[in-house]
Amino acid sequence: MTRVPALAALALMMAAVFVGDLLLELGVAAGIPYIIPVILSLWVPGRRDTLTVAVGATLLTGLGFFLSPDAEDIELWKIILNRLYAVLAIWVVAVLGMQRKLAEESAARSAKDNLLLFMTAAITAEVDDAEDALLRSLRVICAYLGWPVGHLYMQSEAEEGNTGARGLVPTGIWHLDDPQEFAAFRRITDQTPIRPGEELPGRIAETGEPVWIPDIRNDPGFLRDQQGEPLGIRGAFGFPIKVGADTVAVLEFFARHTVTEDKRTSRLMLAIGTHMSTLLEREQNRHELAQTAMDLTATNHDLEAFTYTVSHDLRSPLRAIEGFSHILTDEHSSELSPDARKYLDRIRNSAQQMNILIDQLLEFSRLGREPLSKQTVDVDELVREIIDEVSARLEGRNVKFVVATLPACDGDPGLIAEVFINLIDNAMKYSRGSDPSRIEIGYHENGARSAYFVRDNGVGFDMRNADKLFGVFQRLHDAKDFEGTGVGLAIVHRIVARHGGMIWANAALDQGATFSFTLGTTKRPI
């Protein structure tokens, strides 16, 4: 039975009990029937309904005492005591019933609150598009409140040179039960940017707390009601969405009726605001990452174009320097002093060194542009071919190569070869002061750190400078002692990184160095 028919039935029952009290001589039992409507009221949902029935039953019990016929054989004090017992019973039943209803209402409210929290958390976690997630959240909050209008204000973009508090601007994110009914309100809202402290959203942004407006007609600070148009709304409520201490958005809601502040709802909406702040922060980070990626792509493109252009533009003057130096040496050698010939040789050597550097810069630039051509690489065979080529140009050096069995890997064969060539050349260069030079190439198993390595017994380096090893033009030894451009290890690092691997080094001064690296998926030998 619904609430209104149930209350009508209880009213009729109390009237019948009262009529019976007046017409029948019930004596000491006269007050007992008034308890029955109170007991039945416990099945009507509202606590106020039980209270109303209890008050009515109490009044009728007292009124019945004065109007009902007296029983001649019963003493008056017994009748009075009976009615007092009846009133006490009425209120014991009513109080216990209202406590039970209060517990049920609290449990139902908690379940409803938890469902809303779960739904908004699920939306913000599962929906990738921030605008769609905010719109869905707006709808479920409106359904929870039972209010017809919801809208989102966002923090405006910071103006250049303005370090003060930013205002709020309306968005296209709305929930309207009846778009036609609230068309005027939406039009006015869409034309109303808000400064901090102004209107409902401005007050929320300024305080960082939920704000309630019982009736917008009685609130002089609600500017949108000053336009002289019927808006179809009365009560208003809103809460902030904050990232850190900064209010980045405000959700506002409107009811057709006046409202009163509900602190429990305020606390609930602040919890929902935390979910939404995570969503907006994630979206903000996504935009920043996308912008950073675009900036990095543009910067890399510019750097590669610059490197390519400069490298090609440098070749012409270098060819001229080398060519004219060669002419002077070949055709005018007799006219030159020994010092002049020595200087010309230095010029030619420097020009040749610059050409090598340009080639390596172009190669380094190319590594960032060209796609990998991955396939299974027989690293063992590859390294032995490289050692055969290197051994052919040892020029009398005493070099001992120690090569372990090396597992295959997935990678670009040409680039993998370049890694080993650079590392082996590097080991030969820095171990040429040792007799014999010992260069060991192997693979060590160590779980996630299993890696290929190239080890030498050369001059080594100070590990405090290890962070400079793989940078372009970074050198740990004087160019007068060891030739080179400072680009080779940078090329190795880039190749390894493009294969999803990593490279590191261990060394000590005059005790050699070991370069270890991974190359993504390694295929163990059967």
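Above this text you will find the structure in question.
Note that the structure is a prediction, hence the values are computed from the model and not measured. (Residues numbered from 1 in each chain as written. Predicted model: local features only at pLDDT ≥ 70, side-chain atom pairs only at ≥ 80, totals over all residues. Heavy atoms only, no water.)

Visitor: Kindly report on the sheet that holds strand E5 (residues 246-254), identifying the contributing residues and their values.
Guide: Ordered by their spatial adjacency, five strands build an open sheet running E2-E1-E5-E4-E3, and the pairing between neighbours is antiparallel. Of all the strands in the sheet, just strand E2 (168-176) and strand E3 (211-213) have a single pairing partner and so form its edges. Sheet twist, expressed as the average angle between the axes of neighbouring strands with direction ignored, equals 20 degrees. In the sheet, strand E4 (residues 236-243) pairs with E5 via eight bridges, with the strands oriented antiparallel. The partner of Lys242 across the bridge, within E5, is Thr247. Against the sheet, helix H5 (residues 130-145) engages strand E1 (149-155), E2, E4 and E5, with an angle of about 60 degrees to E2. Running over the sheet, helix H6 (residues 183-190) touches E1, E2 and E5 and is turned about 160 degrees from E2. (Pairing = 2+ DSSP bridges. Helix = DSSP H or I, 4+ residues; strand = E, 2+ residues; numbered from the N terminus. Axes fitted to C-alpha atoms, helices over the stretch in contact; angles between N-to-C directions. Contact = heavy atoms within 4.5 Å.)

Visitor: Talk me through a nonpolar patch on the surface; I want residue IDs and the actual numbers.
Guide: Taken together, Ile80, Leu81, Leu84, Tyr85, Leu88, Val92 and Leu96 make up a surface patch of nonpolar side chains, about 660 Å² in accessible area. Structurally, Leu84 can be placed in helix H4 (residues 76-126). Among the residues examined, Leu84 registers a relative accessible area of 53% and is labelled exposed. (Patch = residues over 30% accessible without salt bridge, like charges linked within 9 Å, V, L, I, M, F, W, Y side chains within 5 Å. Areas by Shrake-Rupley, 256 points an atom, 1.4 Å probe, with all protein chains shown as cover. Salt bridge = Lys/Arg side-chain N within 4 Å of Asp/Glu carboxyl O. Buried < 20%, exposed > 50% of the residue type's maximum accessible area, 1.4 Å probe, protein only.)

Visitor: I'd like a rundown of unusual backbone geometry, residues and numbers included.
Guide: Geometrically, the link from Asp435 to Pro436 is a cis peptide bond, its omega value of 0 degrees lying close to zero. Its location among the elements puts Pro436 in the loop between helix H11 (413-430) and strand E9 (437-444). Despite not being glycine, Asp510 shows a phi value in the positive range, around 65 degrees. Along the chain, Asp510 falls in the loop between strand E11 (503-507) and strand E12 (513-517).

Visitor: Quick rundown of the pattern of salt bridges? Include the residues and the values.
Guide: Close approach of charged atoms allows side chains of opposite charge to pair. By the definition in use, this model includes 14 salt bridges. Residue Asp190 pairs with Arg186 through a salt bridge whose shortest N-O separation is 3.6 Å. With Asp190 and Arg186 both in helix H6 and four residues apart, this pair spans about one turn of that helix. Between Arg203 and Asp219 there is a salt bridge, with its nearest N and O atoms 3.0 Å apart. Taken together, the residues span a long stretch of sequence, with Arg203 in helix H7 (residues 199-207) and Asp219 in the loop between E3 and E4 at a distance of 16 residues. A single salt-bridge network, built from bridges that share partners, covers Arg109, Asp113, Asp262 and Arg264.

Visitor: So what's going on with the environment of Arg348? Residues and values would help.
Guide: For Arg348, the location among the structural elements is in helix H9 (residues 338-367). Residues in contact with Arg348, not counting those within four places in the same chain, are Ser325, His326 and Thr329.

Visitor: Before we move on, can you summarise the packing of H11 against helix H12 (residues 488-498) with the specific residues and values?
Guide: Two numbers describe how H11 lies on H12: the axes approach to 9 Å, and their chain directions differ by 145 degrees. Considering only the axes of H11 and H12, their crossing is left-handed. Along the contact surface, H11 presents Leu415, Glu418, Val419, Asn422, Leu423 and Asn426, while H12 presents Gly488, Leu489, Ile491, Val492, Ile495 and Val496. Here the contact of H11 with H12 is built from residues that sort into eight nonpolar, three polar and one charged. (Left-handed = near helix turned anticlockwise from the far one by under 90°. Nonpolar A, V, L, I, M, F, W, Y, C, P; charged D, E, K, R; others polar.)

Visitor: Kindly report on the sheet that holds E12, identifying the contributing residues and their values.
Guide: The five strands are arranged E7-E9-E10-E12-E11 in an open sheet whose pairing can be described as mixed. Each end of this open sheet is capped by a strand with a single partner; those strands are strand E7 (399-403) and E11. Averaged over neighbouring strand pairs, the angle between their axes works out to 15 degrees when direction is ignored. Pairing of E7 with E9, which is carried by five bridges, proceeds in the parallel orientation. By the bridge assignment for E9, Val403 is matched with Ile441.

Visitor: Could you give an account of the nonpolar core, with specific residues and numbers?
Guide: One broad rule of soluble globular proteins: the nonpolar side chains tend to lie buried together. In this structure, Phe420, Ile424, Ile441, Tyr452, Phe515 and Phe517 are the most contacted members of the largest nonpolar core, which totals 43 residues. Every element with two or more residues in this core is listed here: helix H10 (379-391), E7, H11, E9, strand E10 (451-456), H12, E11 and E12. For this core, the element with the most residues is H11, which contributes nine residues. Among residues more than four places away in sequence, those in contact with Phe517 are Val419, Phe420, Leu423, Ala451, Tyr452, Val496, Met502, Ile503 and Trp504. (Core = buried A, V, L, I, M, F, W, Y, C linked by side-chain atoms within 4.5 Å.)

Visitor: Tell me about the packing of aromatic side chains, residues and numbers included.
Guide: Evaluation of the coordinates by the stated rule reveals 11 aromatic pairs. Judged by centre distance (5.3 Å) and plane angle (65 degrees), the ring pair of Phe420 and Phe517 falls under edge-to-face. Highlighted residues: Phe420 in helix H11 and Phe517 in strand E12, separated in sequence by 97 residues. You can call Phe517 buried: its relative accessible area is 0%. (Phe/Tyr/Trp six-rings, centres within 6.5 Å; stacked < 30°, edge-to-face > 60°.)

Visitor: How would you summarise the packing of H10 against H11 if you had to cite specific residues and measurements?
Guide: One can describe the packing of H10 onto H11 by two numbers: an axis separation of 10 Å at closest approach and a directional angle of 45 degrees. One way to sum up the angle between H10 and H11 is to call them oblique. Seen from above, H10 lies across H11 with right-handed handedness. Between H10 and H11, the residues in contact are Val379, Leu382, Val383, Ile386, Ile387 and Val390 and Pro413, Ile416, Ala417, Phe420, Ile421, Ile424, Asp425 and Met428, respectively. Each residue belonging to the contact of H10 with H11 can be placed in one class, and the counts come to 13 nonpolar, no polar and one charged. (Parallel < 35°, antiparallel > 145°, perpendicular 65-115°, else oblique.)

Visitor: Break down H7 for me, citing the residues and quoting the values.
Guide: Among all positions in H7, only Glu199, Leu200, Pro201, Gly202 and Ile204 are buried. Packed against the buried residues of H7 are E1, E2, E3, E4 and E5. Phi for Gly208, located one or two positions after H7, is positive at around 70 degrees.

Remember that the coordinates give geometry; whether it matters functionally is a separate question.
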